[in-house]
Amino acid sequence: GDSVTQMEGPVTLSEEAFLTINCTYTATGYPSLFWYVQYPGEGLQLLLKATKADDKGSNKGFEATYRKETTSFHLEKGSVQVSDSAVYFCALSHNSPSGGYQKVTFGTGTKLQVIP
Amino acid sequence: EAEVAQSPRYKITEKSQAVAFWCDPISGHATLYWYRQILGQGPELLVQFQDESVVDDSQLPKDRFSAERLKGVDSTLKIQPAELGDSAMYLCASSLEGPTAQYFGPGTRLTVL
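*Asks:* Kindly report on the overall build of chain A, identifying the contributing residues and their values.
*Replies:* Check the secondary structure of chain A and you find zero helices and twelve strands. Each helix (α) and strand (β) of chain A, taken in turn from the N terminus, gives the series β-β-β-β-β-β-β-β-β-β-β-β. A compact globule built from 116 residues would reach a C-alpha radius of gyration of about 13 Å, and chain A, at 14 Å, matches this within 12%. Structurally, chain A occupies a C-alpha span of about 50 × 30 × 20 Å along its principal axes.

Written out as structure tokens, the structure reads:
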């Protein structure tokens, strides 16, 4: 079945440092890929997405490129801020085995702590 | 901006009691999801609706959990009886059809004593 693997956290960085959170997936065909962010005490929010190979999703300084050859969708940001401290979830959306609906699979999340 | 509404935001109950959670998705979103999120983990899908029909409830503990979306709009998730292990955040999300993003509500944090 489909699966998403994220690097374990927590990841602790100083403000203005470069961020990479690794995400790899297992799925047949061409899933859509997403990054969601969850701030403390809140629900998940879509951060960015990519729906086909080589697409780059970007938002709020974050980027991720859909790499079919390495089945990866790593999240990057050039200069993190304290306000980026949150849990980041990688996810994929794919046709169910029956083909009747889109099935979503989440990774376990990576906690990011940015210190001043 | 349209949002997914959930209530209550917090619920404390004793084990063996019944609890119910409500979700109102974004207008026009045909797909509705209920997730359970245990602290420190990713969301686990409990049930997925397409309009009023259940399309995936393979991870729903059907001996105690039930979900309905009678008119294909808002939805209710019920637990009866609640157990200590049910303590978690229950998230509702909705999406348009197709490979589009989900929009999440703020969640209901359940504590079972």
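On we go from here.
*Asks:* Before we move on, could you go through the nonpolar core and cite the residues and values that matter?
*Replies:* By size, the foremost hydrophobic cluster in this structure holds 26 residues, and its most contacted members are Leu19(A), Trp35(A), Leu47(A), Leu48(A), Phe73(A), Leu75(A) and Tyr88(A). Among the secondary structure elements, those contributing two or more residues to this core are β2 (11–14), β3 (19–21), β4 (23–26), β5 (32–38), β6 (44–50), β8 (62–65), β10 (86–95) and β12 (110–115) of chain A. The element that contributes the greatest number of residues to this core is β10(A), accounting for four residues. Non-local contacts of Phe73(A), meaning those with residues more than four positions away in its chain, are made with Cys23(A), Leu33(A), Phe34(A), Trp35(A), Leu48(A), Lys49(A), Ala50(A), Ala64(A), Thr65(A), Tyr66(A) and Cys90(A). In terms of nonpolar packing, the next biggest core, distinct from the first, is built from 20 residues, Ile26(B), Ile79(B), Ala82(B) and Val112(B) among them.

*Asks:* Could you give an account of the pairing of strand β7 (residues 65–68) of chain B, with specific residues and numbers?
*Replies:* Strand direction decides the pairing type here: β7(B) and strand β8 (residues 75–79) of chain B, joined by four bridges, are antiparallel. Bridge assignment links Glu68(B) to a residue of β8(B), and that residue is Thr76(B).

*Asks:* Run through the interface of chain A and chain B, naming residues and quoting values.
*Replies:* Tallying the contact residues gives 20 residues for chain A and 20 residues for chain B. Summing both sides of the interface, chain A and chain B together bury roughly 1500 Å²; the carbon and sulfur share of this comes to 54%. For the chain A face of the interface with chain B, the top three residues by lost area are Leu44(A), Tyr101(A) and Phe106(A), together amounting to 31%. Put simply, chain A and chain B have one salt bridge between them.

Cut-off values and rules
Residues numbered from 1 in each chain as written. Chains lettered and ligands numbered in written order. Predicted model: local features only at pLDDT ≥ 70, side-chain atom pairs only at ≥ 80, totals over all residues. Heavy atoms only, no water. Helix = DSSP H or I, 4+ residues; strand = E, 2+ residues; numbered from the N terminus. Rg over C-alpha atoms; globule rule 2.2 N^0.38 Å. Core = buried A, V, L, I, M, F, W, Y, C linked by side-chain atoms within 4.5 Å. Buried < 20%, exposed > 50% of the residue type's maximum accessible area, 1.4 Å probe, protein only. Contact = heavy atoms within 4.5 Å. Pairing = 2+ DSSP bridges. Buried area = accessible area lost by both parts, 1.4 Å probe. Salt bridge = Lys/Arg side-chain N within 4 Å of Asp/Glu carboxyl O.

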